[in-house]
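Structural description and commentary
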Amino acid sequence: MSKADPAENRQVPRGGSRRRARDFAVLGSCFALVLLLLAITGEVNFIVAVAAIIVLASIVFAYYIGSSSFLPVGEASPQPVPEEKRRLDSAQLLRALPLPAFEVDDDKRIVAFNDPADMILRLDGRTNPRASTVIRSPALLSAIDRMSQGGGDGTVSVEVDSGPDETWRAHVSRPTGSAQTLVVLEDLTPVRRAARARSDFLANASHELRTPLTALSGFIETMRGPAKDDTGSWPRFLDIMAGESERMSRLIADLLSLSRIEFSEHIPPSERENFSRIALDATEALQAVADDRGVSLVLEGDPDEALPVVAHRDEIIQVVENLLTNALKYTPAGGKVRVSFGQAGSMAEARTLAAQGWVDAERMTLLQAAGRPGKPDASVWLRVEDEGPGIEREHLPRLGERFYRADQSRGGKITGTGLGLAIVKHIMAHHRGGLAVETRMGKGSAFGIWLPAARL
Ligand SMILES: Nc1ncnc2c1ncn2[C@@H]1O[C@H](COP(=O)(O)OP(=O)(O)OP(=O)(O)O)[C@@H](O)[C@H]1O
Ligand SMILES: [Mg+2]
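This write-up is about the structure you can find in this document. This structure is a prediction, so every number in the text was calculated from the model and none was measured. (Residues numbered from 1 in each chain as written. Chains lettered and ligands numbered in written order. Predicted model: local features only at pLDDT ≥ 70, side-chain atom pairs only at ≥ 80, totals over all residues. Heavy atoms only, no water.)

**Points about the overall build of the protein chain**
Heads up, the condition is: Elements are defined by DSSP. Helices are runs of H or I of four residues or more, strands are runs of E of two residues or more, and each kind is numbered from the N terminus. Throughout this description, buried means an accessible area under 20% of the type-specific maximum (1.4 Å probe, protein chains only), exposed means over 50%, and partly exposed covers the range between. Residues are treated as being in contact if the distance between any of their heavy atoms lies within 4.5 Å. What sets the accessible areas is the Shrake-Rupley method with a 1.4 Å probe; for residues, cover comes only from the shown protein chains.
The helix and strand tally for the protein chain stands at 15 helices and 13 strands. Counting the 456 residues in the protein chain, one finds 37% classified as buried. Considering only contacts within the protein chain whose residues lie at least 6 apart along the sequence, 67% involve residues at least 24 apart. Only carbon and sulfur atoms are counted for the fraction: they give 57% of the accessible area of the protein chain, which is about 26700 Å².

In structure tokens:
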């Protein structure tokens, strides 16, 4: 227990001034009544009695004025807050902060902290550890030093790298009247990561655009210069140029598509669609490409079965078409691409049906469906299986990254922008669905998607 503060005893309860006035009024009236009685009974001369009442009233009034202030003491002077209570408030304040925050006293010990700070500093229940044993950043330690020696005005901000990909900004300040230095940490990692992703994306996009552009201008130069008169070679040059410009327009279309999907990412799909119809339409749209390549395209599943989903029809068609384009691209002539689809009682079951069809396969979930915990969500699934070369294990985790092409390292002739699976992943995330791949080297790959079925 803390000692009673004398200030506490000085405190006057609210309404004390009014009560004292009433007490003096009662006392004064009693005296006046007694003197009046004495005057009426003739014991005291009437004039003397009146004079006595006036004197008495004056004494009472003077005493009242002298013994009190018109303002109650409790309201006139702010009551000093006990130290114990002040510390409690500062701990509560830290706890209420959504950011990691802690206080360091002048002995350089961490005396108060909130849960987020506990997790970051890994205090593990240590009481009042030395700041230097917990904080590794010399810049932050010296900012705390400077602040506790009164060497800082306002707030000092220091950047702290706590890992290869983790950056914090520490705001160090000394609140007025406090015996401690306050440190509030702000996580800069997501901002930095987003900035890096943006600049990587721009660098990749411009590189990808520059490659066909360089080829095009190279051929234009050749046709204007050395091959000016060699018109026999022009058709070959023009074929290459047509291919390059086609590649450029495909890249631009993919980039636009990606940015459109990102733009509408916060608008959840709202249309009720039949998933079997989508699967059928997308497969039919690529039948001509399959015929052209001499690959047989087989649809397994009942296209008339009603599989209601809440989806953006065009986006899901784009998903299936992207998966099918890849499958057809990598399957040699004479091979087969199988599309199967159906429904399942839960997301987990749909995932198994979509992406766990082979026993001896390497597999990876590229996007986990955002199912409701504990709820067996009815789902629909689709699987595209090919007879291509398969994908090496080390590439699997990076599929779905923008511009990532596994066959680039293989030096194969098959080209692409490396945006198709990134678009698929984005769209599936937008539909709270999942994406997984399984592959057997030399035998083929299968990509599976699944998403919640619409409730009836
Ligand atoms: N069915 C598949 N078989 C073998 N490799 C595949 C298959 N599908 C995708 N890949 C690999 O994954 C990479 C990324 O595929 P993605 O669809 O994102 O890009 P792309 O096909 O190269 O270009 P885009 O689809 O943008 O024209 C491909 O470059 C390829 O290496
Ligand atoms: Mg593709």
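That was the structure; now back to the text.
**So, the site of ligand 1**
For the record, the criterion: For this description, a residue counts as near a given molecule or strand if any of its non-hydrogen atoms is within 4 Å of it. Here the nonpolar group is Ala, Val, Leu, Ile, Met, Phe, Trp, Tyr, Cys and Pro; Asp, Glu, Lys and Arg are the charged ones; every other residue, Gly included, is treated as polar.
Among the 19 residues in the neighbourhood of ligand 1, the closest are listed as Asn326, Asp386, Ala406, Thr417 and Leu421. Within the residue set of the shell around ligand 1, elements represented by two or more residues are helix H13 (313-330), helix H15 (420-430) and strand S13 (444-452). No other element matches the three residues that H13 contributes to the shell around ligand 1. Taken together, the residues of the shell around ligand 1 sort by class into eight nonpolar, six polar and five charged.

**Quick notes on the packing of aromatic side chains**
Put simply, the test is: Pairing of aromatic rings covers Phe, Tyr and Trp, the last through its six-membered ring, and needs centres within 6.5 Å; plane angles under 30 degrees mean stacked, over 60 mean edge-to-face, and all others mean tilted. When the NZ atom of lysine or the CZ atom of arginine is within 6 Å of a ring's centre and also within 35 degrees of its normal, the charge is said to sit over that ring.
Applying the stated criterion across every chain, the model contains two aromatic pairs. Aromatic side chains phenylalanine 201 and phenylalanine 403 sit 5.8 Å apart centroid to centroid with 40° between the ring planes, which places their arrangement in the tilted category. Of this pair, phenylalanine 201 sits in helix H9 (residues 189-224) while phenylalanine 403 is found in the loop between strand S11 (379-385) and H15, placing the two residues 202 residues apart along the sequence. Under the relative-accessibility criterion, phenylalanine 403 is labelled buried at 8%. Ring centres 5.2 Å apart and planes at 45° place the aromatic pair phenylalanine 219 and phenylalanine 237 in the tilted group. Of this pair, phenylalanine 219 sits in helix H9 while phenylalanine 237 sits in helix H10 (residues 234-263), and the two are 18 residues apart along the sequence. As far as burial versus exposure is concerned, phenylalanine 219 and phenylalanine 237 are alike and both buried. Just above the ring of tryptophan 358 sits the side chain of arginine 383; from NZ or CZ to the centre is 5.0 Å. Its guanidinium or amino end placed over the ring of tryptophan 358, arginine 440 lies 4.0 Å from that ring's centre, counting from NZ or CZ.

**Describing the side chain of arginine 405**
Here arginine 405 shows up in the loop between S11 and H15. Not counting the four nearest positions on each side in its chain, arginine 405 is found in contact with Glu208, Gly416, Thr417 and Gly418.

**Some points on a nonpolar patch on the surface**
Applied cut-off: Here, patches come from residues exposed beyond 30% relative accessible area and free of salt bridges, joined within 9 Å for like charges and within 5 Å for nonpolar side chains (Val, Leu, Ile, Met, Phe, Trp, Tyr). Salt bridge, as used here, is a side-chain nitrogen of Lys or Arg placed within 4 Å of a carboxyl oxygen of Asp or Glu.
Together, Phe46, Ile47, Val50 and Ile54 line one region of the surface with nonpolar side chains, adding up to about 420 Å² of accessible area. Locating valine 50 in the fold gives a position in helix H3 (residues 46-67).

**Regarding H9**
Applied cut-off: For a helix, the expected span equals 1.5 Å multiplied by the residue count minus one.
Taking 1.5 Å of rise per residue, the 36 residues of H9 would be expected to cover 52 Å, and the 51 Å separating its terminal C-alpha atoms lies within 8% of that figure. What H9 keeps buried is the set Thr189, Ala205, Glu208, Pro212, Leu216, Phe219 and Met223. Of the surrounding secondary structure, the elements contacted by the buried residues of H9 are strand S4 (166-173), strand S5 (181-187) and H10.

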